[in-house]
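Structure assessment
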Amino acid sequence: MDRAYTEILVVRHGETAWNATGRIQGHMDVELNEVGRQQAASVCCFLERLSQEPEISAVYSSDLKRSLETAETIAASFGKFEVIKDPDLRERHLGDVQGLLFREAAKVHPEAYRAFSSRRTNQVIPGGGESLDQLYHCATSSLQRISQKHTGKRVVVVTHGGVIRALYRRAWSTRFRGSILNTSVNIFHISGDGVWTIKVWGDVTHLHQTGQYSMSGFVVNKNIICCYFCCHLNKSAMSLKLIRD
């Protein structure tokens, strides 16, 4: 098999109490809740089911607690890694809307909420917030560095929903509009000449083992038939699997 690329398994962190209640996190350092810890343990099973060649050579993470704890759970399951922290993998700084409930943000800080909701990629958010372009630069630069350091190998990167959207934008030159679920797995191949390909997008099959699915702050019980998207991609097409419990 041609290994003139790096395979990077990009995982969103597990659920936090703020995810569950719809509170905006950004750079706020919120730890996992119990569901998030179960999700982190379950994603290890997914990673262990992958082919053993190439083996995982490193685990990277944002330095925020929710990402780092997820990454440490994954690293411990393989028994030989210390997590490498990279602040460039942090979530977007969301300025004055950080810490607010989504439903109250527009009233409490209308200017910041308008900036947060803007589709302009150069729009910064009042209160020290970043633009989407700033996030994009940090996130894609980090993944490119990781790729160059681990050519021909497989690496795990644990990060945040906003970062994963930026990585999608780099690979597909368009913005992803759907949900990025907690501990969803996205597999990128990055070639030596800088070509990015998404091989798997949004895989959450491992969440069958937690009994709960967290979808943008809403928890759906396992006993209810629920649908979520797992996209398997190649260079020319995207096929969509609809998965039922």
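Further up the page is the structure itself.
The paragraphs below set out a description of the structure included in this document. (Residues numbered from 1 in each chain as written. Predicted model: local features only at pLDDT ≥ 70, side-chain atom pairs only at ≥ 80, totals over all residues. Heavy atoms only, no water.)

Some remarks on the overall build of the chain
Put simply, the rule is: Starting at the N terminus, helices and strands are each numbered in turn, a helix being any DSSP run of H or I of at least four residues and a strand any DSSP run of E of at least two. Only the protein chains shown count as cover for residues, and the accessible areas themselves come from Shrake-Rupley with a 1.4 Å probe.
Helix and strand counts for the chain come out as seven helices and 10 strands. For the chain, the exposed surface amounts to about 11,400 Å²; the carbon and sulfur share of it is 51%.

Description of the packing of helix H6 (residues 132-149) against helix H7 (residues 161-172)
To keep it simple, the criterion reads: Simply put, an axis is a line fit to the C-alpha atoms, just over the touching stretch for a helix, and the angle between two N-to-C directions goes from 0 to 180 degrees. Roughly parallel refers to an angle under 35 degrees, roughly antiparallel to one over 145, roughly perpendicular to one between 65 and 115, and oblique to any angle outside these ranges. Any pair of residues with heavy atoms lying within 4.5 Å of one another is described as a contacting pair. All amino acids are sorted into three groups, where Ala, Val, Leu, Ile, Met, Phe, Trp, Tyr, Cys and Pro are nonpolar, Asp, Glu, Lys and Arg are charged, and the leftover types, Gly among them, are polar.
Orientation of H6 relative to H7, taken along the N-to-C sense of each, is 75°, at an axis distance of 9 Å. It follows from the interaxial angle that H6 and H7 lie roughly perpendicular. In contact with Leu132, Asp133, Leu135, Tyr136, Ala139, Thr140, Leu143 and Gln144 of H6, H7 contributes Gly162, Val163, Ala166, Leu167, Arg169 and Arg170. Across the contact of H6 with H7, the residue classes break down as eight nonpolar, three polar and three charged.

Digging into the packing of helix H2 (residues 34-49) against helix H3 (residues 65-78)
The condition that has to hold: Crossing handedness is defined as follows: a turn of the near helix away from the far one that is anticlockwise and smaller than a right angle gives a left-handed crossing, while the clockwise case is right-handed.
At their nearest, the axes of H2 and H3 sit 9 Å apart, and the two run at 45° to each other. With respect to their mutual orientation, H2 and H3 come out oblique. Our pair here, H2 against H3, has a crossing hand that is right-handed. Across the interface between the two elements, Arg37, Ala40, Ala41, Val43, Cys44, Leu47 and Glu48 of H2 pack against Glu69, Thr70, Thr73, Ile74, Ser77 and Phe78 of H3. Taken together, the residues of the contact of H2 with H3 sort by class into seven nonpolar, three polar and three charged.

A look at the pairing of strand E6 (residues 196-203)
So the rule is basically this: Only protein chains enter the area calculation, which uses a 1.4 Å probe; residues under 20% of their type maximum are buried, those over 50% are exposed, and those in between are partly exposed. Note: two strands are recorded as paired if DSSP finds a minimum of 2 bridges between them.
In terms of residue burial, E6 counts as a mostly covered element, since seven of its eight residues are buried. Direction of pairing for strand E5 (residues 185-191) relative to E6: antiparallel, over a ladder of five bridges. Note that in E6 the partner of isoleucine 187 across the bridge is valine 200. Linking two consecutive strands that pair antiparallel, namely E5 and E6, is a turn of four residues; a positive phi of about 85° is found at glycine 194 within it.

Topic: the state of the cysteines
Threshold: Note on disulfides: each one is a pair of cysteine sulfur atoms within 2.5 Å.
For the structure on display, the rule yields zero disulfides. Of the cysteine sulfurs around cysteine 44, a residue in no disulfide, the closest is that of cysteine 45, at 6.8 Å. On the basis of relative accessible area, cysteine 44 is assigned to the buried category, the value being 4%.

Regarding unusual backbone geometry
One non-glycine residue with positive phi stands out, namely serine 173, at about 60°. Structurally, the position occupied by serine 173 is in the loop between H7 and E5.

Some points on the pairing of E5
Most of E5 is tucked away, with seven of its seven residues classed as buried. Across seven bridges, strand E1 (residues 5-12) lies against E5 in antiparallel orientation. From the neighbouring strand, leucine 9 faces E5, where its bridge partner is isoleucine 187.

Here we look at the packing of aromatic side chains
Rule in force here: Two aromatic rings from Phe, Tyr or Trp, using only the six-membered ring of Trp, form a pair when their centres are within 6.5 Å; if the ring planes differ by under 30 degrees the pair is stacked, by over 60 it is edge-to-face, and anything between is tilted. Here, over-ring charges are defined by two tests on the NZ atom of lysine or the CZ atom of arginine: distance to the ring centre within 6 Å, and angle to the ring normal within 35 degrees.
One pass over the full model with this rule turns up seven aromatic pairs. Plain terms: the ring middles of phenylalanine 102 and phenylalanine 116 are 6.2 Å apart, the flat faces sit at 40° to each other, and that makes the pair tilted. Taken as a pair, phenylalanine 102 in helix H4 (residues 102-108) and phenylalanine 116 in helix H5 (residues 110-117) lie far apart in primary sequence, 14 residues in all. On the basis of relative accessibility, which here comes to 45%, the residue phenylalanine 102 falls in the partly exposed class. Feature note: the residues Tyr168, Trp172, Phe176 and Trp201 constitute an aromatic cluster, connected by ring pairs. A cation over an aromatic ring shows up here: arginine 23 above the ring of tryptophan 18, its NZ or CZ 5.9 Å from the ring centre. Over the face of the ring belonging to tyrosine 136 we find arginine 169, whose NZ or CZ atom lies 4.3 Å from the ring centre.

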